[in-house]
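Observations on chain architecture
This is what each chain is made of:
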Amino acid sequence: MPKAGKNPLLQNPGAQKIETGSEDGGVVPTNRVRKRRVEMIAKEVKIESPDVKFLRHPEIENFAHKSETVYSQSIQPPANWERVIEGIRIMRSSEHAPVDSFDPEEGVASLQPKERRFSVLVGSLLSSQTKGHVTHEANQRLLEKGLLSADTMDKADEDTIKSLIYPVGFYTRKAKHLKQVAKICVSKYEGDIPSTVDELLLLPGVGPKIAHLVMIMAWNKVEGICVDTHVHRVSNRLGWVSHPGTKQGTRSPEETRISLQQWLPKEEWVSINLLLVGFGQTICTPLRPRCAKCTVSELCPSAFKEISSSKKKL
């Protein structure tokens, strides 16, 4: 994973030349015909490797993709959100988090554009339910064996892939997914990867979080926020998101993504992921959050509540 000072997800995205919207910039044309072909090849792969949960494995990425029409109206930004973000940035700059330890560009900067984009997709698939250093090491082993391209991955033996990515979470299923993804990329994209969120979501094992991350890292396009369990948890604790039509928190990372996008300025969409992930790893931890060390606790509606609850149980 990237270092905090260099990773584009943590730096101010205003200085980056990142495209927004769904335009393909003339790089890879998209149309209804190609989408139908992708759906066809996905069905073909499913027939070859039968699996009832082929396109969505809850234990790998359970962020089911839902229509955003229900959430179309914008909402009022929460009070003091800018002060909270600035405070978290200061805390993040003074404390190293596990997410800051690895550079995703290590070893892949010299790859051809198609291969680099494919390596981003592979790394994103491997990272689900897996610690950063395990993902990094698995990605490096694939790189050393020359398998970070759709062509070589497609030709590789599934058992070989499985042995190289072990011990990432669900490595057996991910090895199968990587083979299926490589076949789709070779057959329908000439060895490249899909260039839209909708097409990425058709790939095995790819959910909204991975799709939006790949769009940012591979295609330099911002079409949504990457929300994992840390972003989901921290956003709810801060009272930034709510289930549609209620004052209760969101029930899934995908609901959190849609809720955040209704009010968070688009220039913050890239940096918010790494910002909250690192904060969630070091301060706003899943169990026993370190509220006493948090400099924005006075602005957090959940501050010290979980600590008090734990003491009562004890």
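Analysis parameters
Residues numbered from 1 in each chain as written. Predicted model: local features only at pLDDT ≥ 70, side-chain atom pairs only at ≥ 80, totals over all residues. Heavy atoms only, no water. UniProt positions renumbered as here; feature names shortened; annotations may be inferred. Core = buried A, V, L, I, M, F, W, Y, C linked by side-chain atoms within 4.5 Å. Buried < 20%, exposed > 50% of the residue type's maximum accessible area, 1.4 Å probe, protein only. Helix = DSSP H or I, 4+ residues; strand = E, 2+ residues; numbered from the N terminus. Contact = heavy atoms within 4.5 Å. Polar contact = N/O pair within 3.5 Å; in protein donor to acceptor, adjacent residues only side chain to side chain. Expected span 1.5 Å × (residues − 1). Phe/Tyr/Trp six-rings, centres within 6.5 Å; stacked < 30°, edge-to-face > 60°. Axes fitted to C-alpha atoms, helices over the stretch in contact; angles between N-to-C directions. Parallel < 35°, antiparallel > 145°, perpendicular 65-115°, else oblique. Left-handed = near helix turned anticlockwise from the far one by under 90°. Nonpolar A, V, L, I, M, F, W, Y, C, P; charged D, E, K, R; others polar.

- As named in an unreviewed UniProt entry, the chain is Endonuclease III homolog, taken from Anisodus acutangulus.
- Database annotation for the chain, UniProt heading Sequence similarities (unreviewed entry): "Belongs to the Nth/MutY family."
- Under the heading Catalytic activity (unreviewed entry), UniProt records this for the chain: "2'-deoxyribonucleotide-(2'-deoxyribose 5'-phosphate)-2'-deoxyribonucleotide-DNA = a 3'-end 2'-deoxyribonucleotide-(2,3-dehydro-2,3-deoxyribose 5'-phosphate)-DNA + a 5'-end 5'-phospho-2'-deoxyribonucleoside-DNA + H(+)".

A few points about the nonpolar core
- Grouped together as the largest cluster of nonpolar side chains are 76 residues, with contacts concentrated most on I88, F118, L142, I165 and W240.
- With nine residues, the top contributor of residues to this core is helix α9 (residues 208-219).
- Filtering out sequence-adjacent residues up to four positions away, W240 remains in contact with P78, W81, V84, I85, S235, S259, L260, W263, I272 and L276.

Let's talk about the environment of W269
- Along the chain, the position of W269 falls in the loop between α11 (253-261) and α12 (271-282).
- As a C-alpha pair, W269 and R257 span 12 residues in sequence and 9.9 Å in three-dimensional space.
- Apart from the residues within four sequence positions on either side, W269 is in contact with V222, E223, G224, I225, Q261 and L264.
- Of the polar contacts made by the side chain of W269, one reaches the backbone oxygen of L264; its length is 2.8 Å.

Some details on α12
- In a regular helix each residue adds 1.5 Å, so 12 residues correspond to 16 Å; α12 covers 17 Å between its end C-alpha atoms and thus fits that length.
- Buried residues dominate α12, accounting for 11 of its 12 residues.
- Among all positions of α12, only S271, I272, N273, L274, L275, L276, V277, G278, F279, G280 and T282 are buried.

Notes on the packing of aromatic side chains
- In total, this model carries three aromatic pairs according to the counting rule given.
- Taken together, a centroid distance of 5.5 Å and an interplanar angle of 80 degrees make the contact between W240 and W263 edge-to-face. Pair noted here: W240 is in the loop between α10 (229-237) and α11 and W263 is in the loop between α11 and α12, with a separation of 23 residues, a long-range link. Here W240 matches W263 in class, with each residue buried.
- Here the aromatic residues W81, W240 and W263 are joined through ring pairs into a cluster of three or more.

Concerning unusual backbone geometry
- Going from Y166 to P167, the amide bond is cis rather than trans, its omega being 15 degrees.
- By the secondary structure assignment, P167 is in the loop between α6 (158-165) and α7 (171-189).
- The phi angle at N80 is positive, at roughly 65 degrees, despite the residue not being glycine.
- Note on placement: N80 falls in the loop between α1 (32-48) and α2 (81-94).
- Phi is positive for N220, which is not a glycine, with a value near 60 degrees.

Some thoughts on the packing of helix α3 (residues 113-127) against α9
- Where α3 meets α9, the axes come as close as 9 Å, and the angle between the chain directions of the two elements is 150 degrees. By the angle between their directions, the pair α3 and α9 is classed as roughly antiparallel. In this structure, the crossing between α3 and α9 has a hand that is right-handed. Here α3 contributes R116, R117, V120, L121, S124 and L125 to the contact with α9, which in turn contributes I210, L213, V214, M217, A218 and W219.
- Of the residues in the contact of α3 with α9, the class split is nine nonpolar, one polar and two charged.

Brief notes about α10
- Counting buried positions along α10 yields seven of nine residues, so the element is predominantly enclosed.
- Backbone nitrogen of H230 and a side-chain oxygen of the N-cap are separated by 3.1 Å at the start of α10; the cap is D228.

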